[in-house]
Amino acid sequence: MLTPAELVWLIAAVAKGDQAAFERLYAATRAKLFGVVLRILRRQDLAEEVIQEAYVKIWNNAGQFNPALASPITWMVSIARNRAIDVVRKKSESSIEEEPAAMEVAADSPDPLARREMTEELKRLLECVGRLEPDRQKLVLLAYYNGWSREQLAAKFEAPVNTVKTWLRRSMMDIRECLGLSGSGS
């Protein structure tokens, strides 16, 4: 994996239409983005399609990337993750609740390889999520890691959609406060 500074440089080059820089960016980040998307979609064919769409969006929007607002990998992961969540929400072939694997939340501790590659920022985030009540942890992980809609969460937690929205909002406020980002709006 390239350093954040190298990724910033590559994204700036991509913004100028540098295809070689785009190829390096793709090679350096594809595995990470694919892992995120596959975790959400649980289907390799859909994940590959979403990754292709995500990189087209990265190519088209590279000029809008601001390293002062997010790290390069965070920016790219959010593009891929958001596209994967869109696919989950539009998927009408079967409900997400009908897929047993989709009901599982991320393990309490990541596998050793993932733990070794974890950034300090991610460690802080996971520590803050860990401070939430167990039900709120599960809610946040299902919503933001697995891509569940508020309607799906409402059914799972047997609560009105507006209540789920409030729980998510309060949980995110608690996480932001824990991270020292209290001033950020939602």
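Up top is the structure.
Here's what I pulled together on the structure shown here. What you see is a predicted model, and the numbers here were worked out from it, not measured in a lab.

## Focus: the state of the cysteines
Covalent bonding between the sulfur atoms of two cysteines defines a disulfide.
Here is step 1: Under the defined criterion, the tally for this structure stands at one disulfide.
Here is step 2: Between the sulfur atoms of Cys128 and its disulfide partner Cys178 the distance amounts to 2.0 Å. With the S-S dihedral at roughly -75°, the linkage between Cys128 and Cys178 falls on the left-handed side. Placement of the pair is Cys128 in helix 6 (residues 120–130) and Cys178 in helix 9 (residues 161–179), with a sequence separation of 50 residues.

## Considering unusual backbone geometry
Here is step 1: Positive phi, close to 60°, is recorded for Arg42, a residue that is not glycine.
Here is step 2: Note that Arg42 resides in the loop between helix 2 (19–41) and helix 3 (44–61).
Here is step 3: Located in the positive-phi region is Glu158, a residue other than glycine, with phi close to 50°.
Here is step 4: One can find Glu158 in the loop between helix 8 (150–157) and helix 9.
Here is step 5: In this structure Glu158 comes out as exposed when scored by relative accessible area, which is 75%.

## Some details on helix 4 (residues 72–90)
An α-helical turn contains 3.6 residues, so a residue and the one three or four places further along point in the same direction.
Here is step 1: Here helix 4 is 19 residues long and its end C-alpha atoms lie 28 Å apart, about the 27 Å a rise of 1.5 Å per residue gives.
Here is step 2: By the burial criterion, the buried members of helix 4 are Pro72, Ile73, Trp75, Met76, Val77, Ile79, Ala80, Arg81, Ala84, Ile85, Val87 and Val88.
Here is step 3: Against helix 1 (4–15), helix 2, helix 3 and helix 7 (134–144) lie the buried residues of helix 4.

## Notes on the packing of aromatic side chains
Here is step 1: A complete count under the given rule lists four aromatic pairs for this structure.
Here is step 2: Between Phe22 and Tyr55 the ring centres are 6.1 Å apart and the planes differ by 80°, which places this aromatic pair in the edge-to-face class. Here the residue Phe22 occupies a position in helix 2, and Tyr55 occupies one in helix 3, the gap between them amounting to 33 residues. With respect to burial, Phe22 and Tyr55 carry one shared label: buried.
Here is step 3: Between Phe65 and Trp75 the ring centres are 5.1 Å apart and the planes differ by 50°, which places this aromatic pair in the tilted class. Pair noted here: Phe65 is in the loop between helix 3 and helix 4 and Trp75 is in helix 4, with a separation of 10 residues, a long-range link. Accessibility classification places Phe65 together with Trp75 in one group, the buried group.
Here is step 4: These aromatic residues form a ring-pair network of at least three members: Phe22, Tyr26, Tyr55 and Trp59.

Reading the values: rules and limits
- Residues numbered from 1 in each chain as written.
- Predicted model: local features only at pLDDT ≥ 70, side-chain atom pairs only at ≥ 80, totals over all residues.
- Heavy atoms only, no water.
- Disulfide = S-S within 2.5 Å.
- Helix = DSSP H or I, 4+ residues; strand = E, 2+ residues; numbered from the N terminus.
- Buried < 20%, exposed > 50% of the residue type's maximum accessible area, 1.4 Å probe, protein only.
- Expected span 1.5 Å × (residues − 1).
- Contact = heavy atoms within 4.5 Å.
- Phe/Tyr/Trp six-rings, centres within 6.5 Å; stacked < 30°, edge-to-face > 60°.

Just distances and angles here, no functional claims.
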